[in-house]
Amino acid sequence: MKVRKPAVAGYFYPANPERLKSLVDGLLGEEVRVEGKVRGLVAPHAGYEYSGRTAGKVYSTMKGKGFKRVVLVGPSHFVGFEGISFGDFDAFETPLGLVWVDKESIEGFTRGRRELHEELPHLWEHSLEVELPFLQRALGDFLLLPVVYGRVRAERIKEVLEFFEGEDTLFIISSDLSHYYDDTTARRLDMNCHLWITEGREDLKEGCLACGKRGIEGAVLYARERGYRAVLVDYSTSAEASGERDRVVGYGGYAFIS
């Protein structure tokens with residue numbers, strides 16, 4: 001059995017299972033209601049100290065909703081490559097246990113194309129890993145479709161979401177927003193993301209400086225075709241945790257709803 005081991009446990013989030021469980025449960029504790037059926041989310045992927053509050057609020061919108069499968073899409077931070085990769089793992093491990101990969105469904109999409117199973121983009125990548133403990137505590141058991149992308153068109157992400165869609169399938173786009181501007185500038189820039197995603201302001205898309213922007217763009221294309229609306233569940237910057245306002249990262253939590 002091939003297991004993708006944790007790369008950032010003890011760094012982005014606690015490595016101790018009990019501490020991690022307690023932290024995530026606390027972050028999920030504030031109930032956030034949205035009207036309609038949640039189909040997908042955009043969630044941040046920084047250290048829980050910084051983005052955990054926003055992540056907890058956005059994940060609380062689908063807590064206990066009975067999703068059996070999750071398409072988890074995140075950008076590659078360390079490995080440059082063309083296209084997407086599902087990896088070639090039977091499971092992803094966190095301190096809370098194993099998350100099993102839906103290899104049968106993935107094979108239906110890849111049709112034996114080995115380049116879509118490259119492991120390297122997954123090995124040190126945190127953009128998927130940090131989402132998993134939230135999903136484990138919010139959903140319990142589920143099957144994972146792990147997608148790391150490199151240089152790719154938004155339409156390719158949209159194709160992935162279309163292929164795996166289903167009533168019991170949730171999609172998650174992993175992305176932080178602007179990086180390393182002062183807090184005032186970050187909030188102004190991140191407003192471009194809010195208005196583009198939730199109100200369809202295509203004129204503001206270029207001004208959205210999200211690190212997982214291609215994934216968000218694919219989700220927006222997909223959601224609009226399906227008639228889903230998007231709402232901003234929570235927004236914060238790292239300044240709220242660190243007190244450092246000269247160089248911050250923005251975190252947005254969004255839900256796509258039918």
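Residues numbered from 1 in each chain as written. Predicted model: local features only at pLDDT ≥ 70, side-chain atom pairs only at ≥ 80, totals over all residues. Heavy atoms only, no water.

(A) Representation of the overall build of the chain within the structure. Along its length, the chain carries ten helices and eleven strands. On C-alpha atoms alone, the chain measures out to a radius of gyration of 17 Å, which is about the 18 Å that the 2.2 N^0.38 rule sets for 258 residues. Across its three principal directions, the C-alpha atoms of the chain cover 45 × 40 × 35 Å. Counting across all 258 residues of the chain, residues that qualify as buried make up 56%. Summarising the internal contacts of the chain: among those between residues at least 6 apart in sequence, 81% fall at separations of at least 24. Summing over all exposed atoms, the chain offers an accessible surface of approximately 11100 Å²; the carbon and sulfur share of this is 47%. Charge-centre separation for the chain: the mean point of 34 positive side chains lies 2 Å from the mean point of 40 negative side chains. (Helix = DSSP H or I, 4+ residues; strand = E, 2+ residues; numbered from the N terminus. Rg over C-alpha atoms; globule rule 2.2 N^0.38 Å. Buried < 20%, exposed > 50% of the residue type's maximum accessible area, 1.4 Å probe, protein only. Contact = heavy atoms within 4.5 Å. Areas by Shrake-Rupley, 256 points an atom, 1.4 Å probe, with all protein chains shown as cover. Lys, Arg positive; Asp, Glu negative; His and termini not counted. Charge placed at Lys NZ, Arg CZ, Asp CG, Glu CD.)

(B) Quick look at the pattern of salt bridges. The final tally for this structure, using the stated rule, is 29 salt bridges. Between Asp 234 and Arg 53 there is a salt bridge whose closest N-O contact spans 3.4 Å. Of this pair, Asp 234 sits in strand 10 (residues 229-237) while Arg 53 is found in helix 2 (residues 48-60), placing the two residues 181 residues apart along the sequence. We classify Asp 234 as buried; its relative accessible area is 9%. Taking relative accessible area as the criterion, Arg 53 reaches 38% and is therefore assigned partly exposed. Linking Lys 158 and Glu 162 is a salt bridge whose minimum nitrogen-to-oxygen distance equals 2.8 Å. (Salt bridge = Lys/Arg side-chain N within 4 Å of Asp/Glu carboxyl O.)

(C) Structural detail: the sheet that holds strand 6 (residues 97-100). Read across the sheet, three strands follow the order 1-5-6 without closing on themselves; strand pairing throughout is mixed. The two strands at the open ends of the sheet, each matched to only one other strand, are strand 1 (3-4) and strand 6. Bridge analysis of strand 1 against strand 5 (residues 91-94) gives two bridges, and the strand direction is parallel. Bridge pairing links Arg 4 to Phe 92 in strand 5. Strands strand 5 and strand 6 of the sheet are contacted by helix 6 (residues 132-139), whose axis makes an angle of about 95° with strand 5. (Pairing = 2+ DSSP bridges. Axes fitted to C-alpha atoms, helices over the stretch in contact; angles between N-to-C directions.)

(D) Here's a closer look at the side chain of Asn 192. Considering the arrangement of structural elements, one finds Asn 192 in helix 8 (residues 183-199). At 3.0 Å, the side chain of Asn 192 forms a polar contact with the backbone oxygen of Gly 207. Every residue in contact with Asn 192, bar those within four places of it in the chain, is listed here: Leu 204, Gly 207 and Cys 208. (Polar contact = N/O pair within 3.5 Å; in protein donor to acceptor, adjacent residues only side chain to side chain.)

(E) Local environment of a nonpolar patch on the surface. Judged by side-chain polarity, Met 1, Leu 98, Trp 100 and Leu 143 come together as a nonpolar surface patch covering roughly 410 Å² of accessible area. Secondary-structure assignment places Leu 98 in strand 6. (Patch = residues over 30% accessible without salt bridge, like charges linked within 9 Å, V, L, I, M, F, W, Y side chains within 5 Å.)

(F) Quick look at the state of the cysteines. Under the definition given, this model contains one disulfide. Shown here is the disulfide that connects Cys 193 with Cys 208, its sulfur atoms set 2.1 Å apart. Note on the Cys 193 and Cys 208 pair: the S-S dihedral is about 100°, so by sign convention the disulfide is right-handed. Of this pair, Cys 193 sits in helix 8 while Cys 208 sits in the loop between helix 8 and helix 9 (213-226), and the two are 15 residues apart along the sequence. Residue Cys 193 shares its accessibility class with Cys 208, and that shared class is buried. The structure places no disulfide on Cys 211, whose sulfur is separated from the nearest cysteine sulfur, that of Cys 208, by 9.9 Å. (Disulfide = S-S within 2.5 Å.)

(G) Examining the packing of aromatic side chains more closely. Per the counting criterion, the structure on display carries 13 aromatic pairs. Relative to Phe 134, the ring of Tyr 48 lies with its centre 4.9 Å away and its plane at 55°, an arrangement referred to as tilted. Residue Tyr 48 is located in helix 2, and its partner Phe 134 is located in helix 6; the two are separated by 86 residues in the primary sequence. Residue class for Tyr 48 comes out buried when judged on its relative accessible area of 6%. Summarising the aromatic geometry, the rings of Tyr 59 and Phe 134 are spaced 5.3 Å apart at their centres and angled 10° between planes, so their arrangement reads as stacked. With Tyr 59 in helix 2 and Phe 134 in helix 6, the pair connects residues that are 75 residues apart, well separated along the chain. (Phe/Tyr/Trp six-rings, centres within 6.5 Å; stacked < 30°, edge-to-face > 60°.)

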